[in-house]
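# Residue-level structural notes
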Amino acid sequence: MQFDWQFVAQYAPFFVNGAIMTLFISVFGILLAVAVGLVCAGIETARIPVARQLARVYIEISRNTPLLVQLYFLYFGLPKLGVVWSAQTCAIVGLGFLGGSYMAEAMRAGVETIPAVQRESAYVLGLNGWQTLTRVVLPQAVGTAVPGVVANVIFLVKESSVVSAIALADVMYMAKDLIGMYYSTYESLFLLIVAYLIILLPISLAGTWLERRFDYERR
Amino acid sequence: MTDENTIVDRTAAPAATGSTQRSTAAVAASDKATATSCTVECSGFEIAHLTKRYANADRPVLNDISFTLPHGKVLVVVGPSGSGKSTLLRTVAGLEPIQGGTISINGQVIETGRPGTEKAGRSKRSTALRTRIGMVFQSYDLFPNRTVLGNITMSPILVQKRDRAEVEQEALALLERVGLADRRDAWPHELSGGQRQRVAICRALILHPEVLLFDEVTAALDPEMVREVLDVMIELADQGQTMMIVTHEMQFARAIADKVILLEDGGIVEESDDAERFFTHPETERAQRFLHTFEFDRHR
Amino acid sequence: MTDENTIVDRTAAPAATGSTQRSTAAVAASDKATATSCTVECSGFEIAHLTKRYANADRPVLNDISFTLPHGKVLVVVGPSGSGKSTLLRTVAGLEPIQGGTISINGQVIETGRPGTEKAGRSKRSTALRTRIGMVFQSYDLFPNRTVLGNITMSPILVQKRDRAEVEQEALALLERVGLADRRDAWPHELSGGQRQRVAICRALILHPEVLLFDEVTAALDPEMVREVLDVMIELADQGQTMMIVTHEMQFARAIADKVILLEDGGIVEESDDAERFFTHPETERAQRFLHTFEFDRHR
Amino acid sequence: ACGPSAATPSDAGTTANGNTGAATSATARTLDEIKESGTIKVAVFSDKAPFGYVDKDGNYQGYDVYFAERLAKDLGVKVEYTSVDPSARVDVLTSNKVDLVLANFTVTDERKEKVDFAKPYMKVALGVVSPDDATITDVSQLDGKTLIIAKGTTAETYFENNYPNVKLQKYDQYADAYNALLDGRGDAFSTDNTEVLAWAKSNKGFTVGITKLGDEDTIAPAVQKGNTTLLDFVNDEIDKLADEQFFHKDFEETLKPVYGDEVDPDDIVVEGGQL
Amino acid sequence: MSGAEILLQPGVFPRLLQGLWVTVWIAGVSVALSVPVGLLVGWLMTVRSRVVRFLMRVYLDFIRIMPQLALLFIAFYGFARMWNLNLDATGACVLVFVLWGGAELGDLVRGALESIPRAQYESAYVLGFTPWQTFTRVILPQALRRMLPASVNLATRIVKTTSLAVLLGVVEVIKVGQQIIDANRFDYPNGTLWIYGVIFLMYFIVCWPLSIVARRLEKRWSHD
Ligand SMILES: Nc1ncnc2c1ncn2[C@@H]1O[C@H](COP(=O)(O)OP(=O)(O)OP(=O)(O)O)[C@@H](O)[C@H]1O
Ligand SMILES: Nc1ncnc2c1ncn2[C@@H]1O[C@H](COP(=O)(O)OP(=O)(O)OP(=O)(O)O)[C@@H](O)[C@H]1O
Ligand SMILES: [Mg+2]
Ligand SMILES: [Mg+2]
């Protein structure tokens, strides 16, 4: 079995398109996940009564079911109830639904590791609630939450590979497509790995950099 | 400002910086900014019938505590672990709601106890009022995301809206006095424990608090660092800073105290206005037993 | 066994339990199990020209340290932070390789320094030899996955292959003496810091070590707990247990020490066989300065 | 026996067996080896009624399966079915996951390079099915529209190569593709005309507007390249079965209930490999 | 609502359960095999040799960055052609999940080993324990305790990720669901919603108890 470099060169552009789709879905999915995470983490740390229970239920459902099934449900199941969302919408909502719980946990952990004495110091220094949040709590919480959040970003970008199941042309879709049409499994998988490395390595490196940047103990 | 021996240099405090600043070394008569009907007699700090309970606890942690602390004096609170020393300081600082009694400064009541507030969270007192009471904790209380200077200047700039340049100048003067002028741009994690606590003291001092609270500020430090910090506190006492100190260093307590309170199970067991006498000839049997814990007899 | 005042009750030690067990209270002449050529003169513990360096350090942490500690005596090591006190105890326990000098017990050399071993890791000395030196650390050294009794009996059963029933009986006797007989089945996390340290002492004692090392065992404790632990140590000293103690509690040091060493920068600055004299009239200026750190003068 | 019991009785052997022999050669098994093992591994569709599907009782059924059962019977072995997606049909052979593919596998030149086809047993062209209210009757109507297809089918290659202006929406599985059409996610769905005809019959509101598109293709069993012993056996079988008009019987049993009388068996069935 | 009746069809539920069993089987075997692999990897991550540690780091990062789906394709199709190593779909899934679970678990083991205070090793040393006794009686029991909650969470993730096996043609719960949807699409056009809904619930019912166990363990053991 010969490795066909020409095939690789010829179809690399497809993977560029695929990567754009992967990024599109991931970026919006992750933004949604961060937003959902922020809301849930906020609700949990502020201990808002009923909302807190709801957030818990959501987190349990989201964490304990696979994205593929969530997507099938959104894409093929919901239309039976008369709700037809486009594949993009389903993918972004699905990723946000899954990622929201993971982000919430990472952010909550970030806030909870801040010693109580930090808020108390702010209190005796006369800072008001908003000042305490923005000048004392958040700057530190960002630092402690960054590793978890970055790990989740990588995890979600990877998870986005299942959106090909609902006909979205991401990199995984391209790979399966080329395998199906031209039977060049080998070359397609190679391109797939390269594509993911190109997308994820910078994220991984940026994560390490961010971790340093916000770690006041080490920079 | 060149007097190396003066930690709290009153001339360094700017004249017109709003009602939240007050002179502590001077007697209350010169305390023009205070809006209360305070006279010379009521100058100082007073706690009356203070009662505090934690939620889900069967009995109060602090039960009907009353005492006064005249302006410029140092009160040391001692007592066994769990007797309520930290809780007492925390209620004064407004960190814990109280369920009975009052806390007043210079005759002005700043906190009134209300039953059923066990779960109420921190006191809602105004930020201006809060800055009149300073507090230094056992440890980890510098903000790790600010430099030394940033930690000290944060509250005057943000809360008191004072001028940055002027605040920084005062901060530097304070740092100089605790021997840390060269560390102004260091990050907290780059400092030793003793240095951190000295910065924390500066951070409290820059607000010119009327009372300064210290809760076992040296408990986590090595002996030499303990000394660095305690020396600063002794100097503050000499300058006439009103202070409430919780400590387990009996030698130090004896050296710095004007007044001593022995707490046990949330009540005052012995109160003495003659600190020296308390440490040498305690009146109650409980105080004798307590102090004995810190004495060792040559064994053979 | 009914004498409540005796911590190390020699009658509790079973007669025939192999060469790793030895009597510590008795003089060396009665130390039948020892296989060395020891006489009355060399009984005790000796360090000669000990040199220790850490990898990548430009100078040794311990430099040519020599001293002897006679059987049944208590040595207290004091000195500023970073002077090498902990390192000294760790080399004796075999936790750090040494690069020069010797460590001997009762005339038997148990460790010889070799240059170039900076990165060698812990000493390869036999387990039998290791159990002859006991050590208690600052904290966190009980095994959290074993109960109090399990912690104490683990080594005698596993290492010395002693009979479980007999070991448990001795463990209970020891627990009784430190006042913890009722906590035998508790887990370490259920104990207070002071209780944990007392269990750690029992765990070391059950091996009947010839020397017992203590590295700031009360540094993380509340005053009353400090007292509980130090009282146990003083009682041990009274029973004739040979000990090396690192502490910052000068009052306690003064009460317990037979012999004192002041370390600084890895060298002995002052060594005194008269502990009382060291604390009241230190000979060197450095020792005076060091001791002064722990004294406070009444400020006004 | 320790393997997971798969979803269907006829499927049970597949995974269990596969686990025990986790690492075997990727070179195909010869006819003798297959006989010796007592089972032949056949890849079929499991969601493409009426050609290859799993019925309500969990058994594999369909035109392809009917043929597979016969082959196994004549070979004296049991069948072990593997469910495949269209795009996996070549890979399961090249990586020797199965011995034989009987999954509506259309013969094309590209595929011939990768696998060996036996004689055809069916013929098809492409068909296009679309909703009644917007029926596509000509390919030109598809210009700029969205066409649903299943990955790895001849339809995919055909439209990719000949109609770049048609937007393709590709699914891994037929079930997904049909669902997408039902939910109105595309304007039409194209695959083998036999398949769309069958589907449109049982789904009200959908019509096959284009019944014959592209060249008439044949469908044949496939084996791994170079597996001549198995290939010869299958070819012999196809020749032999012509005598008893086996595939017409197959049609009667499996396709007729769906197509009814509207479709002439001779439009679909190929006997003895003779077009 | 007529679609709900599809669930009452004879054979539907038992078949879905059979499919679920395949899912659980793959996940179970993978988790079980991940444990020894993870222990080994975790140990290798803490050895002194920089080369070994670097290789382990590369292994972990590669596994973390590659989507499981890509790894599954490589194991299923790639290995067969590259090295003539033929795995069936289930085998490929187990292989990939073990490689992945082993790497993640190894990292947990490493973290747990490194979090054990040095005083624990040193206490064991001065009490005369051999290195093996120290490891088996003192360090490992504590390390296992510390990593158990996170490991249970990892197991949940492995269960969820088995949903990708369908793309290799494994007839697990999702594929069974699709077959049922297909076979019933004439009688129950709304079956899709119900079948996927049931599968959704099934995953939840398998994973949720694990999550609860993890949280309980975390709370119970947080104090030591
Ligand atoms: N947040 C809380 N909720 C409930 N009980 C509390 C809380 N904080 C402290 N307590 C209890 O209140 C009592 C007094 O605690 P406090 O911390 O004031 O003692 P302390 O005198 O400062 O002791 P220490 O010398 O150990 O610091 C203790 O019994 C303690 O367990
Ligand atoms: N593992 C190590 N590697 C390199 N240097 C070390 C190591 N441990 C200690 N040191 C250095 O050796 C010196 C002596 O340390 P040691 O812990 O023995 O001091 P100490 O007298 O016990 O101080 P303290 O009173 O703070 O416990 C210090 O300068 C310390 O920084
Ligand atoms: Mg306290
Ligand atoms: Mg030390």
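Per an unreviewed UniProt entry, chain B goes by the name Glutamine ABC transporter ATP-binding protein and belongs to Bifidobacterium samirii. In its Sequence similarities (unreviewed entry) section, the UniProt record describing chain B reads: "Belongs to the ABC transporter superfamily."

Residues and elements named next belong to chain C. With 14 residues, helix H4 (residues 164–177) extends 20 Å from end C-alpha to end C-alpha; this agrees with the ideal 20 Å at 1.5 Å per step. For H4, the set of buried residues is Val167, Glu170, Ala171, Ala173, Leu174, Leu175 and Arg177. Note on H4: the residue one or two positions beyond its end, Gly179, has a positive phi of about 80°.

A separate point is the relation of the copies chain C and chain B. Take chain C, turn it by 180°, move it 0.0 Å along the axis, and it overlays chain B with an RMSD of 0.0 Å. Within this description, the copies of the chain are treated as partners about a two-fold rotation axis. Across chain C, the smallest distance between a C-alpha and the rotation axis is recorded for Ala220 of chain C, namely 3.9 Å. With an isologous cut-off of 70% or more, the 100% of interface residues of chain C that recur at the interface of chain B puts this contact in the isologous class.

Another aspect to go through is the site of ligand 1. Residue and element names in this part refer to chain B. Looking at ligand 1, there are 13 residues lining it, with Ser81, Gly82, Lys85, Ser86 and Thr87 nearest. A distance of 2.8 Å is found between an oxygen atom of ligand 1 and a backbone nitrogen or oxygen belonging to Gly82. A distance of 2.8 Å separates an oxygen atom of ligand 1 from a polar side-chain atom of Lys85. For ligand 1, whose accessible area on its own is 640 Å², the fraction buried by protein is 57%. Grouping the constituent residues of the shell around ligand 1 by class yields three nonpolar, seven polar and three charged.

Residues and elements named next belong to chain B. Position of Glu111 among the secondary structure elements: in strand E5 (residues 108–112). Its relative accessible area of 12% is what places Glu111 among the buried residues. Among the polar contacts made by the side chain of Glu111, one reaches the side chain of Ser123 at a distance of 2.9 Å. Ignoring anything within four residues of it in the chain, the contact list for Glu111 reads Ile98, Gly101, Thr102, Ile103, Ser123 and Arg125.

Reading the values: the criteria
Residues numbered from 1 in each chain as written. Chains lettered and ligands numbered in written order. Predicted model: local features only at pLDDT ≥ 70, side-chain atom pairs only at ≥ 80, totals over all residues. Heavy atoms only, no water. UniProt positions renumbered as here; feature names shortened; annotations may be inferred. Helix = DSSP H or I, 4+ residues; strand = E, 2+ residues; numbered from the N terminus. Expected span 1.5 Å × (residues − 1). Buried < 20%, exposed > 50% of the residue type's maximum accessible area, 1.4 Å probe, protein only. Least-squares fit on C-alpha atoms with pLDDT ≥ 70 in both. Contact = heavy atoms within 4.5 Å. Near = heavy atom within 4 Å. Polar contact = N/O pair within 3.5 Å; in protein donor to acceptor, adjacent residues only side chain to side chain. Areas by Shrake-Rupley, 256 points an atom, 1.4 Å probe, with all protein chains shown as cover. Nonpolar A, V, L, I, M, F, W, Y, C, P; charged D, E, K, R; others polar.

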